[in-house]
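# Results of the structural survey
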Amino acid sequence: MTPNSIRIYGKFQFLKSLVNKYLTRYVDIQRGNDERLFVVSEHYSLTLFELLNDTYLYNLIIVNQHILDKWLFQLLKAFEYLAQNQVVHRCLSLKNICLTADGNIKLANYGLFYMSEYGFCVNFPVSSSEALAPECLLLDFIYGNKFDDYPTNNNEKNAELNDPKADIWSLGVVLFQLMFGINATLS
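Criteria and cut-off values
For every chain, the first residue of the written sequence is number 1, and numbering continues from 1 along that sequence. Local features are withheld for residues below a pLDDT of 70 in this predicted model, meaning they are given only at 70 or higher, and side-chain atom pairs are given and counted only at 80 or more; totals for whole chains, interfaces and linings count all residues. Side-chain descriptors were evaluated using all non-hydrogen atoms of the structure, hydrogens and water having been removed beforehand. Elements are defined by DSSP. Helices are runs of H or I of four residues or more, strands are runs of E of two residues or more, and each kind is numbered from the N terminus. Between two residues, a contact is recorded if the distance between any of their heavy atoms is within 4.5 Å. Only the protein chains shown count as cover for residues, and the accessible areas themselves come from Shrake-Rupley with a 1.4 Å probe. Angles here are taken between N-to-C directions and fall from 0 to 180 degrees, while the axes themselves are lines fitted to C-alpha atoms, restricted in helices to the stretch in contact. Note that the term roughly parallel is reserved for angles under 35 degrees, roughly antiparallel for angles over 145, roughly perpendicular for angles of 65 to 115, and oblique for everything else. Should the near helix be turned anticlockwise from the far one by less than a right angle, the crossing is termed left-handed; should it be turned clockwise, right-handed. The nonpolar class holds Ala, Val, Leu, Ile, Met, Phe, Trp, Tyr, Cys and Pro. Asp, Glu, Lys and Arg form the charged class, and all remaining residues, Gly among them, are polar. For patch building, the residue pool is restricted to those with more than 30% relative accessible area and no salt bridge; the joining distance is 9 Å between like charges and 5 Å between nonpolar side chains (Val, Leu, Ile, Met, Phe, Trp, Tyr). We count a salt bridge whenever a side-chain nitrogen from Lys or Arg sits within 4 Å of a carboxyl oxygen from Asp or Glu. Each residue gets one of three labels from its accessible area relative to the maximum for its type: buried under 20%, exposed over 50%, partly exposed in between, using a 1.4 Å probe on protein chains only. Any two strands are treated as partners once DSSP identifies two or more bridges connecting them.

## What to know about the overall build of the chain
When its secondary structure is counted, the chain shows 8 helices and 5 strands. Element order for the chain, N to C, with α for helix and β for strand: α-β-β-β-α-α-α-β-β-α-α-α-α. Within the chain, contacts between residues at least 6 apart in sequence are counted, and of these 67% link residues at least 24 apart. With an accessible surface of roughly 10400 Å², the chain has 56% of that area assigned to carbon and sulfur atoms.

## Describing the packing of helix α4 (residues 65-84) against helix α8 (residues 165-180)
Two elements in contact, α4 and α8, have axes whose closest approach is 12 Å; the angle formed by their N-to-C orientations is 160°. On the basis of the axis angle, α4 is roughly antiparallel to α8. As for how α4 packs across α8, the hand of that crossing is right-handed. Two secondary-structure elements touch here, α4 through L68, W71, L72, L75, L76 and F79 and α8 through D167, L171, L175, L178 and M179. Of the residues contributing to the contact of α4 with α8, the split by class is 10 nonpolar, no polar and 1 charged.

## Here we look at a nonpolar patch on the surface
Nonpolar side chains collect at one region of the surface, where F176, M179, F180 and I182 lie side by side and expose about 400 Å² of accessible area between them. Tracing the backbone through its elements, the reader meets I182 in the segment after α8. Taking the relative accessible area as the measure of exposure, I182 reaches 33% and is therefore partly exposed.

## Things to note about the pairing of strand β1 (residues 26-31)
Bridge count for β1 against strand β2 (residues 37-41) is 5 bridges, and the pairing is antiparallel. What sits directly across from I29, in β2, is V39. Counted along the chain from β1 to the antiparallel partner β2, the turn is 5 residues long, and its residue D34 has a positive phi close to 55°.

And the structure:
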């Protein structure tokens, strides 16, 4: 039996190879004590979460339809690229949509669900419940984190958990939060 940290490490190598101008880059992964892993990725200090907390900036941005259209296009391109590579985000929130210095969007934390083999290699949830699609909540309830009960080589069940439609729901929730200035977090 391969330790979970080694399985995650192997999946990380694929994520490290993904290159898209609308995704943050994964840089490295380090193993620590007790099978702990530290994932290093590109970082931007400003996210849509912080933007909504700054009323002045938010009011300037929200009235500019050109900026909102550009951001929506960039997010859709990022999700299109992830879907082409069969990676589902499942952690989408305002905190995971970064803004670069030149005003572009970069999507962060997009591979955690993939790396952890749909959450079965870790003993904590690998999703953000504030924007998670209802069917994902149901599947998480049905399967839980019972790795022994879930055959990872079952392509039909893998397709259920790795469905990019769930990201579309999450994107809709995040866009709703952005458009109406709702900065709700459940963390």
